[in-house]
There are 2 protein chains.
Amino acid sequence: MTLLGEIDERQLIEDFMSFIRPEGRVGPGDDAAITMEGVVATTDIVTFDRHFPAGMTYEQFGWHAAAVSFSDLAAMGARPTGFLAALALPADLEAQAAYDIMSGIDQCAEYCGTGIIGGDTKRGPGIVAGTALGTMDDRKPMLRSGAVPGDVVAVTGPVGGPAAALAAMDHSIEADAAKESLYTPIPRIDEGIALSASGAVSSCMDLSDGLGTALNTLCKASGVGMDIEIDFIPREDYVDRIAEESGVPVRDLLLGCGGEYELLFTADKGMLRKIYDAEVPFHIIGMVDDSGHPELLADGKRSRIGNGRY
Amino acid sequence: MTLLGEIDERQLIEDFMSFIRPEGRVGPGDDAAITMEGVVATTDIVTFDRHFPAGMTYEQFGWHAAAVSFSDLAAMGARPTGFLAALALPADLEAQAAYDIMSGIDQCAEYCGTGIIGGDTKRGPGIVAGTALGTMDDRKPMLRSGAVPGDVVAVTGPVGGPAAALAAMDHSIEADAAKESLYTPIPRIDEGIALSASGAVSSCMDLSDGLGTALNTLCKASGVGMDIEIDFIPREDYVDRIAEESGVPVRDLLLGCGGEYELLFTADKGMLRKIYDAEVPFHIIGMVDDSGHPELLADGKRSRIGNGRY
């Protein structure tokens, strides 16, 4: 008899994918599914257990619960059209905390241009299962497959903040700005819409499982490799400072940890002008090649990039 | 300080509704929401704790988890277009049980004409948060408001099965057929589509919280009363038998318990022909009046119908 706890979570998700029928236009295996009717939809569970770092407020927990799913829509280039919030909360939770969670979800949904349209609530250990709905309007969805050798690899903004925040907490280092990125991640909705509208993007996904995992996932889905230059990876100053003070390698902070919400994408070099014209900020971090996996160039040495913890 | 456990669950749902914005065309307060883009969506949590009666299999638990949400779509007259399954399952659960749950969800989705399009899985105490998506095609959604005095009140099929099953278990009475209705509820998708297409229905909802609660909800949402005749309420023979053997009043079995998945609706008397033409089976159980609440006529006596437990 095999217990669920003995199965790797990624393996389990892969096993469960066998139940997902090719009913929709897109999925499984992308950030969100798209039904035959063109509805973009994604569902995510966050739990008190696992997604509630020290110092986070209930309102921020609610915001984060919604941001996870809205970020999946952003990665496809979808415009959010609604959010459903299913809550399983403990009976001994202060009632105000429950309203704070709902308020945080509501604020994130409003930030993303939509609102809460429905929900459910039951007793439970502290779980929010959120579902974000969206539409592509007339844009083509950005998928994880599609990168080809010669494309540039880019991210929409600085990474390493959440990892730096966690490392700082572990080592009692001051890190207010880093914590902000951990507690209140910003789904890159406008960026996703503009990137998909540009027509220049060959593949895209969000960084919620960390940059290392995302690079591996894009390579696998697109059947390509990537050459990433560590010095090109954009980061706030505090990431290097916290790396130094905590002794955690910069590389681990940039690649090894989830909770990031910038977008990772690849684009045809010849079409980059379209992304500049769309005024989406981005930073090129490397190139797509045919090596079959992502490699990092750091201090003149090349090494394989692994999946991070998330 | 108020703890969540001190707040009535219905009150909590009502409080949470204040966060729901009038973004969509329909909702909050109906079985499902409809976004401005016409997407019908509903989310429901079922838990090992509360929705796993003795004798139920994991496959049936999965079926039931999906049926709850598909039934909400049926109540609006929507055609299902996808299902998202978010699972929080214990590490010490037998792995096969997790696959059985997914298989049950998958079978129910297939029965409802669609499939699983996405999902998520985390560790947890045994919770399925499901989201069903649908479309009205060109039909008008059936809402809880809209009943007017003079309309007939009807249900699409026999009720009392799940309550009879639970009463039978409590009293060690044989009840295989009753248990089937408890373990494998059938969402009335085709009936809902046909009823909404008929144009004859003035209000509708499902019976998942029980007939008593549903009658009260329709009366409140429509601002009407209802006069229900107990002998008109359709039921399988075993309901009366189990009532007699268990000593639980038939009235309680018919009105007081959730887990039912027939549809309750009201319709213009002059337009009933359209429902007959649509070949939707239904049973008239009473009439809409202006009393402001539902009353039951039983043994020549009239009494107020309360909310059931669910």
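Keep in mind that this is a model prediction, so the values were computed, not measured. (Residues numbered from 1 in each chain as written. Chains lettered and ligands numbered in written order. Predicted model: local features only at pLDDT ≥ 70, side-chain atom pairs only at ≥ 80, totals over all residues.)

Explain the interface of chain B and chain A to me, and be specific about the residues and the numbers.
Between chain B and chain A, the residue contacts involve 60 residues of the former and 60 residues of the latter. If you list the elements that add at least two residues to the side of chain B that touches chain A, you get helix H1 (9-17), strand S2 (39-47), strand S3 (79-89), helix H3 (95-111), strand S4 (116-123) and strand S5 (127-135) of chain B. The class makeup of the residues in the side of chain B that touches chain A is 32 nonpolar, 18 polar and 10 charged. (Contact = placed C-beta atoms within 7 Å. Helix = DSSP H or I, 4+ residues; strand = E, 2+ residues; numbered from the N terminus. Nonpolar A, V, L, I, M, F, W, Y, C, P; charged D, E, K, R; others polar.)

A description of the relation of the copies chain B and chain A should follow, citing residues and the corresponding values.
If you rotate chain B by 180° and push it 0.0 Å along the axis, it lands on chain A with an RMSD of 0.0 Å. Overall, the copies show the geometry of a two-fold rotation axis. Proximity to the rotation axis, assessed at the C-alpha, singles out Ala129 of chain B in chain B; its C-alpha lies 3.1 Å from the axis. (Least-squares fit on C-alpha atoms with pLDDT ≥ 70 in both.)

Could you give an account of the environment of Pro149 of chain A, with specific residues and numbers?
Residues and elements named next belong to chain A. Within the element layout of this structure, Pro149 appears in the loop between strand S5 (127-135) and strand S6 (152-155). Judged by local crowding, Pro149 falls into the partly exposed class, with 14 C-beta atoms found within 10 Å. With 77 residues separating them in the primary sequence, Pro149 and Met226 have C-alpha atoms 8.2 Å apart. Those residues in contact with Pro149 that sit more than four places away from it in its chain are Val224, Val288, Asp289 and Asp290. (Buried ≥ 20, exposed ≤ 12 C-beta atoms within 10 Å, placed from the backbone.)

Mind laying out the sheet that holds strand S7 (residues 201-206) of chain B, listing which residues take part and the relevant values?
Residues and elements named next belong to chain B. The sheet built from seven strands is open, its strands ordered S7-S9-S6-S10-S8-S11-S12 with mixed pairing. Of all the strands in the sheet, just S7 and strand S12 (301-304) have a single pairing partner and so form its edges. Each strand axis lies, on average, 25° off the axis of its neighbour in the sheet, ignoring direction. Looking at chain direction, strand S8 (residues 225-229) and strand S10 (residues 283-289) are connected through four bridges and run antiparallel. Bridging from a neighbouring strand, Ile228 pairs with Gly286 of S10. Set on the sheet, helix H2 (residues 58-76) makes contact with S7 and strand S9 (263-267); between it and S7 the angle comes to about 175°. Where helix H7 (residues 211-222) meets the sheet, its contacts fall on S7, S8, S9 and strand S11 (294-298), and the angle it forms with S7 comes to roughly 140°. (Pairing = 2+ DSSP bridges. Axes fitted to C-alpha atoms, helices over the stretch in contact; angles between N-to-C directions.)

Explain the sheet that holds S6 of chain A residue by residue, including any values.
Residues and elements named next belong to chain A. What the seven strands build is an open sheet, ordered S7-S9-S6-S10-S8-S11-S12; its pairing is mixed. Here the strands that pair on one side only, and so sit at the sheet edges, are strand S7 (201-206) and strand S12 (301-304). Averaged over all adjacent pairs, the angle separating strand axes in this sheet is 25°, with direction ignored. In the sheet, strand S11 (residues 294-298) pairs with S12 via four bridges, with the strands oriented antiparallel. Following the sheet pairing, Leu296 is matched in S12 by Ser303. Contacting S7, strand S8 (225-229), strand S9 (263-267) and S11, helix H7 (residues 211-222) runs over the sheet at an angle of about 140° to S7.

Residue-level account of unusual backbone geometry, with values.
All names here are of chain A. Phi at Asp137 is positive, roughly 50°, even though this residue is not glycine. Mapped onto the secondary structure, Asp137 falls in the loop between S5 and S6. When the 13 C-beta atoms within 10 Å are taken as the criterion, Asp137 is described as partly exposed.

Describe in detail helix H5 (residues 176-183) of chain A, supporting the description with residues and values.
Helical geometry: 3.6 residues make up each α-helical turn, so side chains three or four residues apart lie on a common side. Residues and elements named next belong to chain A. Taken together, the buried positions of H5 are Ala178, Lys179, Ser181 and Leu182. End-on view of H5: buried residues confined to an arc of 155°, all on one side of the axis. Residues of H5 that are buried make contact with helix H4 (161-170) and helix H8 (237-246). (Arc of directions from axis to C-beta.)

Talk me through the pairing of S7 of chain A; I want residue IDs and the actual numbers.
Residue and element names in this part refer to chain A. In terms of burial, S7 is largely enclosed, as six of its six residues are buried. The pairing of S7 with S9 spans five bridges and is classified as antiparallel. Of the residues in S9, the one forming a bridge with Val201 is Ala267.

I'd like a rundown of the environment of Arg251 of chain B, residues and numbers included.
Residues and elements named next belong to chain B. Relative to the elements of secondary structure, Arg251 occurs in helix H9 (residues 250-255). Note: C-alpha distance between Arg251 and Asp240 (11 residues apart in sequence) is 9.8 Å. Beyond its immediate sequence surroundings of up to four residues, Arg251 is in contact with Ile230, Leu296 and Ala298.

Would you mind going over the pairing of S9 of chain B in detail, with residue names and values included?
Residue and element names in this part refer to chain B. Most of S9 is tucked away, with five of its five residues classed as buried. Burial along S9 is two-sided: the face carrying Leu263, Phe265 and Ala267 and the face carrying Leu264 and Thr266 are both buried. With four bridges joining them, strand S6 (residues 152-155) and S9 adopt antiparallel strand pairing. Across the sheet, Val152 pairs through a bridge with Ala267, a residue of S9.

Tell me about the nonpolar core, and name the residues and values.
Counting 207 residues, the largest nonpolar core has Ile105 and Ala164 of chain A together with Ala164 of chain B as its most contacted members. Non-local contacts of Ala164 of chain A, meaning those with residues more than four positions away in its chain, are made with Ala175, Ala178, Tyr238, Val239, Ile242 and Leu253 of chain A. (Core = buried A, V, L, I, M, F, W, Y, C linked by C-beta atoms within 7 Å.)

So, H7 of chain A: which residues are in play, and what are the values?
Residue and element names in this part refer to chain A. A rise of 1.5 Å per residue sets the reference length of H7, with its 12 residues, at 16 Å; its end C-alpha atoms lie 16 Å apart and thus fit the reference within 8%. Most of H7 sits inside the fold, with 10 of its 12 residues counted as buried. Listed as buried for H7 are Leu211, Gly212, Thr213, Ala214, Leu215, Asn216, Thr217, Leu218, Cys219 and Ser222. Where the residues of H7 are buried, they touch S7, S8, helix H9 (250-255), S9 and S11. Just downstream of H7 lies Gly223, where phi reads positive at about 65°. (Expected span 1.5 Å × (residues − 1).)

Talk me through the domain arrangement of chain A; I want residue IDs and the actual numbers.
Size of an interface, as often reported, equals the accessible area lost when the parts are brought together. Residue and element names in this part refer to chain A. When the domains of chain A are assigned, the result is domain 1 (4-135) and domain 2 (152-304). Distance between the C-alpha centres of domain 1 and domain 2: 22 Å. Between domain 1 and domain 2, the residue contacts involve 22 residues of the former and 22 residues of the latter. Counting residues per element, the ones that place at least two in the side of domain 1 that touches domain 2 are helix H2 (58-76) and strand S3 (79-89). When residues in the side of domain 1 that touches domain 2 are grouped by element, the largest group, 11 residues, is from H2. Here the side of domain 1 that touches domain 2 is composed, by residue class, of 12 nonpolar, seven polar and three charged. (Domains from an automatic or database assignment.)

Mind laying out the confidence of the model for chain A, listing which residues take part and the relevant values?
Confidence in the prediction for chain A averages 93 pLDDT; 97% of positions are at 70 or higher. Overall fold confidence for the complex sits at a pTM of 0.93, while the interface term, ipTM, reaches 0.90. (pLDDT = per-residue confidence, 0-100.)

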